[in-house]
Amino acid sequence: IIINKELDVIIPTIGRKKYLYDVLKDLSKQTILPKNVIIIEQNPLPDSVSELDFITTKNWPFHIKHTFTHQTGVCNARNLALNQIESEWVFLNDDDNRFDEHLIEAVFKKAHEFGVLAATTAYLQENEKLLFTKTHQTGIFGSGNTFVKTSALKDVSFNMALEFGYGEDFDFGVQLRNKGIDVVCFPDIKINHLKAPIGGFRAKVKQQWEDDLIQPKPSPTIMYIYLKHSTKKQILSYKWVLFLKLLKKESIFSYVSFFKEFKSKWTASQHW
């Protein structure tokens, strides 16, 4: 499972200079240091240049591979980073995480103990309560808090059809599981997700369906994932649960009209 304890870290970033610096400081204090930190910096402004001066002005105990691109989107950014991995393991990190100095060491110990090739951690925002406290096989995959053995990533990438949508990390996790890679959650290992405010030059991406009279529900990218990976019964189950969740917000006098509206939104989502 672990031979030489070498690890690369990938971080997509956009407009979060201060937060990214703190992430690098946390990585620099690790009891097992990364070999490479792969940073994909994005800025859509045509004449923009990198704002990450500390990459070269500060001394870091690891090699930083820095790519600057005008193309935005985390799927593209993470795929660019995945193509640059050299080490035995990779840590899919984010630009607004905080963690203690034992993070990498703790994950390696757990991966060795349980014999797993993909390990994910607790990933809580401020004041968020940890709901799952036992080590368990998980259907979740976090693209900001998961460690994967590099050999397991062959023919696995972030689906560009989901760029600027939802569910790209879930889809990535399913690709791993379809290869026979078990994803195990270790909730006693914690990464804090600051959920930092978005960078000043981020622009809201207009989806193709935004001007439609009937807005799709669920998001078409979520529908895409269910149609791609789920059985017919699983899709019907998801549809039923979603209907009940939305129904709770409705008045008892509007149930009939709501049912018709839900069917129209579901159909619109399938269309897109």
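Please refer to the structure placed before this passage.
Participant: Can you tell me about the overall build of the protein chain, naming the residues and giving the values?
Facilitator: Summing up its helical and strand segments, the protein chain has eight helices and nine strands in all. Against the compact-globule benchmark of 19 Å for 272 residues, the protein chain has a radius of gyration of 20 Å, which places it among compact chains. For the protein chain, the spread of C-alpha atoms along the three principal axes comes to 65 × 50 × 35 Å. When burial is assessed residue by residue, the protein chain has 45% of its 272 residues classed as buried. In the protein chain, 83% of the contacts between residues at least 6 apart in sequence involve partners at least 24 apart. In the form shown here, the protein chain has an accessible surface area of approximately 14900 Å², with 54% of it arising from carbon and sulfur atoms. Counting 35 positive and 31 negative side-chain charges, the protein chain places the averaged centre of each group 7 Å from the other.

Participant: Go over the environment of Ser48 with me, naming the residues and quoting the values.
Facilitator: With respect to the helices, strands and loops of the structure, Ser48 is situated in the loop between strand 2 (36-42) and helix 2 (54-57). Ignoring anything within four residues of it in the chain, the contact list for Ser48 reads Asn43, Phe68 and His70. At a separation of 3.4 Å, a polar atom in the side chain of Ser48 contacts the side chain of Asn43. In this structure the side chain of Ser48 is engaged in a polar contact, spanning 2.6 Å, whose partner is the backbone oxygen of Leu45.

Participant: Go over the packing of aromatic side chains with me, naming the residues and quoting the values.
Facilitator: Tallied over the entire structure, the rule returns 18 aromatic pairs. Taking the centre distance of 5.9 Å and the plane angle of 70° together, the rings of Trp89 and Phe108 count as edge-to-face. Placement of the pair is Trp89 in strand 4 (residues 89-92) and Phe108 in helix 4 (residues 103-114), with a sequence separation of 19 residues. Note on Trp89: relative accessible area 0%, which makes it buried. Among the aromatic residues, those joined into a ring-pair cluster are Tyr226, Tyr238, Trp240, Phe243, Phe258, Phe259, Phe262 and Trp266. One Lys or Arg, Lys18, reaches over the ring of Tyr19 and ends 5.3 Å from the middle of that ring. One residue, Arg78, lies across the ring of Phe158, its end atom 5.7 Å from the ring centre.

Participant: Could you give me a rundown of helix 8 (residues 255-271), with the residues and numbers involved?
Facilitator: End to end, helix 8 covers 24 Å across 17 residues, agreeing with the expected 24 Å (1.5 Å per residue, within 8%). Residues of helix 8 that are buried: Phe258, Phe262, Trp266, Ala268 and Ser269. Seen along its axis, helix 8 keeps its buried residues to an arc of 160°; they face one direction. Exposed residues lying more than 90 degrees from the buried face of helix 8 are Val256, Lys260 and His271. Looking at the buried positions of helix 8, the neighbouring elements they touch are helix 6 (220-229) and helix 7 (232-247).

Participant: Outline the packing of helix 7 against helix 8, listing residues and values.
Facilitator: Remark: helix 7 packs on helix 8, axes separated minimally by 11 Å, with the N-to-C direction vectors making an angle of 135°. As the angle between them shows, helix 7 and helix 8 are arranged oblique. The hand of the helix 7/helix 8 crossing is right-handed. Contact residues: Ile235, Tyr238, Lys239, Leu242, Phe243, Leu246 and Leu247 in helix 7; Tyr255, Phe258, Phe259, Phe262 and Trp266 in helix 8. Tallied by class, the residues present in the contact of helix 7 with helix 8 amount to eleven nonpolar, no polar and one charged.

Participant: Run through the pairing of strand 2, naming residues and quoting values.
Facilitator: Counting buried positions over the seven residues of strand 2 gives seven, a clear majority of the element. Where strand 1 (residues 7-13) lies against strand 2, six bridges are found, and the strand directions are parallel. Bridging from a neighbouring strand, Val9 pairs with Val37 of strand 2. Strand direction decides the pairing type here: strand 2 and strand 3 (residues 63-69), joined by seven bridges, are parallel. Bridging from a neighbouring strand, Ile40 pairs with Thr67 of strand 3.

The rules behind the values
- Residues numbered from 1 in each chain as written.
- Predicted model: local features only at pLDDT ≥ 70, side-chain atom pairs only at ≥ 80, totals over all residues.
- Heavy atoms only, no water.
- Helix = DSSP H or I, 4+ residues; strand = E, 2+ residues; numbered from the N terminus.
- Rg over C-alpha atoms; globule rule 2.2 N^0.38 Å.
- Buried < 20%, exposed > 50% of the residue type's maximum accessible area, 1.4 Å probe, protein only.
- Contact = heavy atoms within 4.5 Å.
- Areas by Shrake-Rupley, 256 points an atom, 1.4 Å probe, with all protein chains shown as cover.
- Lys, Arg positive; Asp, Glu negative; His and termini not counted.
- Charge placed at Lys NZ, Arg CZ, Asp CG, Glu CD.
- Polar contact = N/O pair within 3.5 Å; in protein donor to acceptor, adjacent residues only side chain to side chain.
- Phe/Tyr/Trp six-rings, centres within 6.5 Å; stacked < 30°, edge-to-face > 60°.
- Lys NZ or Arg CZ within 6 Å of the ring centre and 35° of its normal.
- Expected span 1.5 Å × (residues − 1).
- Arc of directions from axis to C-beta.
- Axes fitted to C-alpha atoms, helices over the stretch in contact; angles between N-to-C directions.
- Parallel < 35°, antiparallel > 145°, perpendicular 65-115°, else oblique.
- Left-handed = near helix turned anticlockwise from the far one by under 90°.
- Nonpolar A, V, L, I, M, F, W, Y, C, P; charged D, E, K, R; others polar.
- Pairing = 2+ DSSP bridges.

Note that every value here comes from positions in space, so none of it alone points to a role or purpose.
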